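# Reading the structure
If you want the building blocks of each chain, they are given just below.
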Amino acid sequence: MTETFIGPVPTPEMYAGDFSFGGRGYPIYDPNTTRLVDGAWVRDPFAGNVVPQNRYDPVAKNILARNPWKAPNDPGTLTPNGPTNNLVVPTKGRYYITRYDAKLDHQFNTNNKIFGRYSHNRSRSPGRYANELLWTLPDPNIVPLVDLHNLVLSDTHTFNPTTINEARFGWNGRNQINNPPTQDGDWAKQLGIPNVSPATFPDILNTGGGRYYNLGPGGYSERRAAAFSFQNNLTKIVAKHTVKAGYEVIRTKYDSLVESFPSGRYVMGGTDFPFRPNTGNAFANFLLGNVSSATFTQAQAQWQPRWWSHAFYIQDDYKPIRNLTLSLGLRWGYESPFQTADGKQSQFDPTATDPLTGRKGAIVHNPGALAGGRYNNWQPRLGVAYNFKPKWVFRGNFGIITADLLTATLNANFEEYLATANIQSVPGDPRTVFALSQGPPAFKFNVAQDGSVPFIGTNYSGRGASWFDPNMRMPYTMNWSGGFQYQMTNTWLAELMYQGSAGVGLLNNWDINVLPLDVSTDPVRLNTIRTQYQNFRPYTQFGSIQHYSNYGHNTYHGMTLRAEKRYASGMTINSFWTWSKTLNDVDNDGGAGGITCTTGGWKRAAPALTSAIVGSPPSPMSFPSARAAAS
């Protein structure tokens, strides 16, 4: 089976500087004519919406000389920004995945046996190549070197027919290295950008922050994760009771060398009319080589978070009478708060004084946990199965499951250990800062005693911060269900089951450095805010300030009707009808809309009808063999 890529590439007219697109193109303007007239920024248009080829930047010419993109082979759809979907090609990919497994079982005697297993999954696969590129060297789908390791050792001892114990050790490891073939190739110099590091391929971006038709391989990065676990589970049968108890401890480690761009990331601009929508063209910006902002980053340390997790459970499966089974359990869990192995971590403090600006609100670098430990994570479990009539069974359960917290994203709370220099005009000034062929002005990172590097720049919109809630607690999920099974005949079974769940205190991050929606009703002031937004943020010395806390919540309700037909030959046919509804408030790890976003918050999903199988909630008590290493 093949797949087809349909997407955009530049046209011969665009290479020639013609952005008229048959009279439909957005007007483009000359960035060299940017000036103030009566307090307003203006630019002069290019005649005929055509960029003269003698104005092309030498860097753009050097890139075009390498014929980086495929030629269009379909008319596509013409838009004011240019054609879309004018390239139709089959996708290509290459995959080399190898897995090795070894297992050893040994039985010492009738009461004691042990087994060990080691697995290694080796991946050398770029996946699908960038479909737009002819010049494959700067393809962003580089070949990542991924190695997954898993080791399990388990000992099971039967003390007597009613007492069994299992002890288990597990280890998971995941190593990934992204090493672009352009690394350390001095590509900035080869393309004609002076005064920058030779380490990475220059990342040239459009105004939306995306690469031009997938041109750009990224930078070098490493990720090394490991999780070690030990658990012990004891089972004891006493009369009508089956009692299980267990304990597990997990140590999670992560070492990440964050992707950096010491040779620069360049956002191109300048052909729009200042602060006027539906003007300018991204590819025209590229041809002219005018940089509206440039960011240079350098990893000063590795991100090394560490966690301890502990859990204990006790469960009793009890049959007070022949046709009734009760499952009663209690679990307790704990996860140590976020901190790094070497204490190199960042935290936004709204009361501290920023050393760069003297304003309230600063990034501080204090070793130790960013939140307090929470030891009250009790998780009750209840299950019941009642065969109250010969052909009828009622089943139901309720349980609380505490989820791992860990972090919502890689390299969280790591600002200023990724040294950052931003070259950009002050807020409200639309002038570009330099041409690619001129290179950036000189700058120097100043390393502090703790290894951090203060932000360099005068426009603070590119200076981010992270604020980990010191009152953070572990999220939890409640699951409940109830329903009936009825045996209609010897071969027909019907079931009606209701299932519900609620995720409480799920980890999310919101940008708190935003203006309230009711900041003003004056059109003049609102326009000033629009053109100089950075100057009106609550903390003007920062761009985004991501606050990580227990923001997320979701609720699910579902009703499933199932019919099952069993045949004498061993075949079984199941059919399902499900009605479900979800109330959702950013239920997954990651960013949310923000506390002032009117379109955020609760969202009611329309009732859904589906034939998909709805799985049962997790068993009342269990431990995994080992936590999977973070990806």
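Note that the structure is a prediction, hence the values are computed from the model and not measured.

Reading the values: rules and limits
- Residues numbered from 1 in each chain as written.
- Predicted model: local features only at pLDDT ≥ 70, side-chain atom pairs only at ≥ 80, totals over all residues.
- Heavy atoms only, no water.
- Helix = DSSP H or I, 4+ residues; strand = E, 2+ residues; numbered from the N terminus.
- Areas by Shrake-Rupley, 256 points an atom, 1.4 Å probe, with all protein chains shown as cover.
- Lys, Arg positive; Asp, Glu negative; His and termini not counted.
- Charge placed at Lys NZ, Arg CZ, Asp CG, Glu CD.
- Salt bridge = Lys/Arg side-chain N within 4 Å of Asp/Glu carboxyl O.
- Buried < 20%, exposed > 50% of the residue type's maximum accessible area, 1.4 Å probe, protein only.
- Core = buried A, V, L, I, M, F, W, Y, C linked by side-chain atoms within 4.5 Å.
- Contact = heavy atoms within 4.5 Å.
- Pairing = 2+ DSSP bridges.
- Phe/Tyr/Trp six-rings, centres within 6.5 Å; stacked < 30°, edge-to-face > 60°.
- Lys NZ or Arg CZ within 6 Å of the ring centre and 35° of its normal.
- pLDDT = per-residue confidence, 0-100.
- Arc of directions from axis to C-beta.

Each helix and strand counted, the protein chain has 5 helices and 32 strands in total. Overall size of the protein chain, expressed as C-alpha extent along the three principal axes, is 90 × 60 × 55 Å. As presented, the protein chain carries roughly 30700 Å² of accessible surface, and 56% of it is formed by carbon and sulfur atoms. Side-chain charges in the protein chain split into 55 positive and 43 negative, and the spacing between the mean points of these groups amounts to 8 Å.

What follows deals with the pattern of salt bridges. Summed over all chains, the structure comprises 17 salt bridges. Note that D272 is salt-bridged to R43, the shortest N-O span being 3.2 Å. You can see D272 sitting in the loop between β16 (265-268) and α4 (282-288) and its partner R43 sitting in strand β3 (residues 40-45), a full 229 residues away along the chain. Judged by relative accessible area, which is 4%, R43 ranks as buried. A single salt-bridge network, built from bridges that share partners, covers E495, R562, E564 and R566.

As a rule of thumb, soluble globular proteins bury nonpolar side chains together. F19, Y266, F283 and F286 are the most contacted members of the largest nonpolar core, which totals 37 residues. Those elements giving two or more residues to this core turn out to be α2 (58-65), α3 (187-191), β16, α4 and β17 (290-299). In terms of residues, this core owes the most to one element, α4, which gives 5 residues. Once you skip the residues sitting within four places of it in the chain, Y266 turns out to touch I193, V196, P202, D203, I204, L205, V291, S293, A294, F296, F434 and L436. If you look at the next biggest cluster of nonpolar residues, it comprises 20 residues, including Y254, L406, A408 and Y417.

When you tally the buried positions in strand β21 (residues 360-364), you get 4 out of 5 residues, the bulk of the element. As defined by bridge partners, strand β20 (residues 347-353) adjoins β21 across 4 bridges and the pair is classed as antiparallel. Paired with Q347 across the strands is V364, a residue of β21. Between β20 and β21, which follow one another and run antiparallel, lie 6 residues, and G358 among them has a positive phi close to 75°.

Looking now at the packing of aromatic side chains. With the rule as written, the count across this model stands at 36 aromatic pairs. When the ring of W69 is compared with that of F283, the centres are 5.9 Å apart and the planes differ by 65°; the resulting orientation is edge-to-face. Taken together, the residues W69 in the loop between α2 and β4 (77-79) and F283 in helix α4 connect sequence positions 214 residues apart. Consider the rings of F283 and F286, whose centres lie 5.4 Å apart with planes at 40°: the pair is tilted. With F283 and F286 both in helix α4 and 3 residues apart, the pair spans about one turn of that helix. For the pair F283 and F286, a shared accessibility class is recorded, and that class is buried. Ring-pair connections join several aromatic residues into one group, and the members of that group are Y15, W69, Y212, Y213, F283 and F286. When the ring centre of F261 is taken as reference, the NZ or CZ atom of R265 above it lies at 4.5 Å.

Take the confidence of the model for the protein chain next. Averaged over every residue, the pLDDT of the protein chain is 91; the share at 70 or more is 92%. Across residues 595-631, where pLDDT falls below 50, the model places 101 contacts with residues more than four positions away in sequence or in other chains.

We now examine the environment of Y95. Mapped onto the elements of the fold, Y95 is located in the loop between β7 (93-94) and β8 (97-109). Here the alpha-carbon distance between Y95 and P350, two residues 255 residues apart in the chain, equals 48 Å. Setting aside chain neighbours within four positions, we find Y95 in contact with S125, G127 and R128.

Along α2, the residues that are buried comprise V59, A60 and I63. End-on view of α2: buried residues confined to an arc of 100°, all on one side of the axis. For α2, the elements touching its buried residues are α3, β13 (203-205) and α4. Where α2 terminates, the next one or two residues include N67, which has phi positive at roughly 50°.

Next up on the list: unusual backbone geometry. One non-glycine residue, N85, lies in the positive phi region at around 55°. Note that N85 resides in the loop between β5 (82-84) and β6 (87-90). A relative accessible area of 35% places N85 in the partly exposed class. Even without being glycine, Y213 reaches a positive phi, approximately 50°. Residue placement: Y213 occurs in the loop between β13 and β14 (221-238).

In the sheet, strand β15 (residues 241-257) pairs with strand β18 (residues 306-321) via 13 bridges, with the strands oriented antiparallel. Bridge pairing in β18 places I250 opposite S309. As paired elements, β18 and strand β19 (residues 324-335) share 11 bridges and run antiparallel to each other. Looking at β19, one finds that Q315 is bridged to G329.

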